[in-house]
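So you can see what is in the structure, the chains are spelled out below.
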Amino acid sequence: MRLSSATVFCALFVGTSVQALDDRHLNVVPRTDAETQRIQGVTAAPTDFSEPQKFESRPAGAATVPARTDAFAFKHPSANLNTEDGLTFRMGEAMFDKLWVSSPSSTLASDGLGPLYNARNCLGCHQRAGRGHAPDNREDNALSLAIKLSIPGQQGDQIHQIEDFLATRPDPTYGSQIQDLGLPGHPAEARIEVTFEEFDVALSGNETATLRRPSYALQDLAYGPLHPDVMISPRVAPQMIGLGLLDAIPAEDILANADPDDADGDGISGRPNITLSVQYQRPMLGRFGLKAGAPTLRQQSAAAFAADIGISTPLFEAGHGDCTTAQTDCINSPHGGGDVRVFEVDEIGLDLVTFYSANLAVPARRNVNDPGVLRGKKVFHTTGCASCHTPSFVTHRLKDQPAQSFQLIWPYSDMLLHDMGPDLADNRPEGRATGQEWRTPPLWGIGLTGQVSDHTQFLHDGRARNILEAILWHGGEAQAMRDTVATMPSDDRAALIRFLESL
C-alpha cells in the first residue's frame with residue numbers, strides 16, 4: 001500500500017518543533033506535475049512478461065556502464081561523467097585505495113592510522129567494490145567482516161524527535177565495533193572466530209538445499225570483559241555500486257512505499273529508518289548501511305573512516321577512532337590531526353571519497369531477452385518478491401550532480417526496513433530498526449558477485465553461499481514468499497535464479 005509522505009511523516013514524529021523529512025543534502029529542482037505523472041507510468045509494475053520493459057537493460061540509466069567479464073566490473077565511473085568529474089573520480093579512488101600509516105610519520109598526508117583498526121584503507125574491506133566475506137575457517141581472515149557492538153541505552157540517549165527510536169550506546173570498553181588489528185604496543189581488541197552448523201532443507205522436485213547457521217565468538221579479548229548486556233552484530237561489507245543514485249532517490253518516494261501497520265493486509269510492513277544527521281543535526285531518512293543507519297553517503301563514508309581505520313574527519317573528529325576512555329593508551333597516542341588538514345581526512349578528502357563512492361557505476365543487465373530470464377521475472381513478481389525489492393525509481397532532478405540527475409534506475413530495493421524473522425535476527429537495534437529488521441538490499445549487480453568477489457556469499461553476515469540459500473533464509477514478512485519458492489515447480493525456481501543472476 002502506498003501512503004502519502006505526509007501520513008508517514010505524522011506517524012514517525014512527535015514533538016513541537018518538527019520539520020518534515022527532506023533531502024537537504026541535495027540541490028533539488030522540484031518536479032512538475034507532468035513529470036510526476038510520467039514517473040508513475042515508467043515505474044508501474046509490469047503486466048507483460050513476454051519481453052523486457054523499456055530501459056530495464058540500463059539499470060542506472062545514463063550512468064550505466066557495459067557489463068564486463070573480468071573481476072573489475074564494479075570499478076568503473078558512471079558512464080555520464082564529464083571529463084572534469086572523471087578526474088575527480090580518480091582522485092577519490094586514490095583516497096579510497098590509499099594505505100594509512102601510524103603517527104607520527106614523515107608522510108603527513110597519510111598518517112593517523114588506528115591505533116586500533118580493521119583495515120589500513122577502504123579498499124581492504126571493499127575489494128574491487130564488491131562484497132566482503134565471512135571467514136570460512138580459523139586460517140581465513142576477517143578483514144571484510146565487522147562486529148558491531150552496543151548496549152541498551154539510557155534516558156539521555158533517546159532522540160525524542162524520532163518516535164520508536166531504540167536508544168543504544170557503545171560497549172564501555174570496546175566501543176561500537178571490534179577492531180581486530182592494532183599498531184605496535186596496542187593489542188588488537190579481539191580475534192573474531194566464526195563456526196558454521198549445516199542443515200538440509202527439503203525443496204520440491206526431490207531437491208535439497210544445505211544451509212549453514214553461523215556462530216560468532218570473540219576470542220583473546222585484550223582489554224577485559226565485554227559488558228554483560230552487550231549486543232553483537234556481524235556485518236559483511238556490502239557491494240558499492242550505484243550508491244549515489246540511491247542517495248538521489250526522493251525521500252518522498254521511499255516513504256510512499258511504507259506500510260508500517262500493514263494496512264493493506266499483504267503481510268508486508270516496510271518502515272523507514274530515521275536517524276540523526278551529524279552534518280545537519282536533525283533527523284533524516286536512513287538510507288545506507290545494512291539497517292539504513294546512515295542518512296547520507298557522506299556520513300556513511302566518514303563513519304567507516306572512524307570505525308574501520310581510526311581516521312578523523314569533519315563529521316567524526318576523534319583522531320583515535322573508536323577507542324574508548326577505558327583504552328587510555330589508545331586515547332593518548334599520537335594521531336595525524338592538527339596540521340594544515342585539521343583532521344586526518346579533511347573536507348576535501350571526505351568529499352573526494354564520497355564522490356568516488358557515489359559514482360561507482362552499475363553494469364548493464366545481461367540476457368534480458370532470454371526466455372528463461374523473462375519467465376523468472378514473472379515468477380519474481382507473482383511470488384511477491386517485488387513487494388520489498390521494488391524494481392525502479394526515478395531520481396531527483398539535481399542542479400549540481402548531472403550523473404545522478406533524473407535517472408530511471410532499477411535497484412530492486414524499497415530502501416525500507418523489514419522484519420526478516422528470528423533466524424536472521426542479530427537482536428541489536430539501530431535507530432528505529434529492531435533486532436529483526438534489515439533494510440532491503442539492492443539486487444542490482446548480484447549476478448556478478450562471483451566474478452567480482454571470488455565468492456557468492458550473501459546476506460548481512462555472508463552465511464548464504466548462493467542466491468537460493470539467501471532466499472531460503474528469508475523469514476518474517478518474507479516467510480510466505482520463501483515458502484512459495486521452496487515448494488514451486490523446480491523449473492520455476494531455476495528460472496527465478498536465472499532472472500536474479502541477470503541483474
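Provided above is the structure to which this section pertains.
Residues numbered from 1 in each chain as written. Predicted model: local features only at pLDDT ≥ 70, side-chain atom pairs only at ≥ 80, totals over all residues. Heavy atoms only, no water.

Caption draft 1: Structural view of the side chain of Arg463. Checked against the element boundaries, Arg463 lands in the loop between helix H11 (449–453) and helix H12 (467–472). Polar side-chain contacts of Arg463 include one of 2.9 Å to the side chain of Asp461. The residues touching Arg463, leaving out its near neighbours within four places in the chain, are Arg212, Pro214, Asp423, Leu424, Phe458, Glu469 and Trp473. (Helix = DSSP H or I, 4+ residues; strand = E, 2+ residues; numbered from the N terminus. Polar contact = N/O pair within 3.5 Å; in protein donor to acceptor, adjacent residues only side chain to side chain. Contact = heavy atoms within 4.5 Å.)

Caption draft 2: Representation of the packing of aromatic side chains in the model. Counted by the stated rule, this structure contains eight aromatic pairs. Taking the centre distance of 4.8 Å and the plane angle of 45° together, the rings of Phe89 and Tyr356 count as tilted. You can see Phe89 sitting in helix H3 (residues 83–97) and its partner Tyr356 sitting in helix H9 (residues 347–358), a full 267 residues away along the chain. Accessibility assignment for this pair places Phe89 and Tyr356 in one class, buried. Between Tyr174 and Tyr223, the aromatic rings sit 6.2 Å apart at their centres with planes inclined by 75°, giving edge-to-face as the arrangement. Linking Tyr174 in the loop between strand E4 (168–169) and strand E5 (181–182) with Tyr223 in the loop between strand E7 (207–219) and strand E8 (231–236), this pair joins segments that are 49 residues apart in sequence. According to the relative accessible area criterion, Tyr174 is buried, its value standing at 0%. Owing to a relative accessible area of 25%, Tyr223 belongs among the partly exposed residues under this scheme. Three or more aromatic residues link up through ring pairs in this structure, and these residues are Phe89, Phe96 and Tyr356. It is Arg397 that lies over the ring of Phe406; its NZ or CZ is 4.0 Å from the centre. (Phe/Tyr/Trp six-rings, centres within 6.5 Å; stacked < 30°, edge-to-face > 60°. Buried < 20%, exposed > 50% of the residue type's maximum accessible area, 1.4 Å probe, protein only. Lys NZ or Arg CZ within 6 Å of the ring centre and 35° of its normal.)

Caption draft 3: Local environment of the pattern of salt bridges. Counted by the stated rule, this structure contains 29 salt bridges. Arg397 serves as the salt-bridge partner of Glu35, at 2.6 Å between the closest nitrogen and oxygen. Here Glu35 is found in helix H2 (residues 33–42), whereas its partner Arg397 is found in strand E12 (residues 397–398), with 362 residues between them in sequence. One salt bridge in this structure joins Asp164 and Arg432, with 3.5 Å as the shortest N-O distance. Separated by 268 residues along the polypeptide, Asp164 in the loop between strand E3 (145–152) and E4 and Arg432 in the loop between strand E14 (417–419) and strand E15 (437–439) bring together distant segments of the chain. Its relative accessible area of 45% is what places Asp164 among the partly exposed residues. Taking relative accessible area as the criterion, Arg432 reaches 3% and is therefore assigned buried. Residues participating in the shared-partner salt-bridge network are Arg235, Lys291, Asp426, Arg428 and Glu430. (Salt bridge = Lys/Arg side-chain N within 4 Å of Asp/Glu carboxyl O.)

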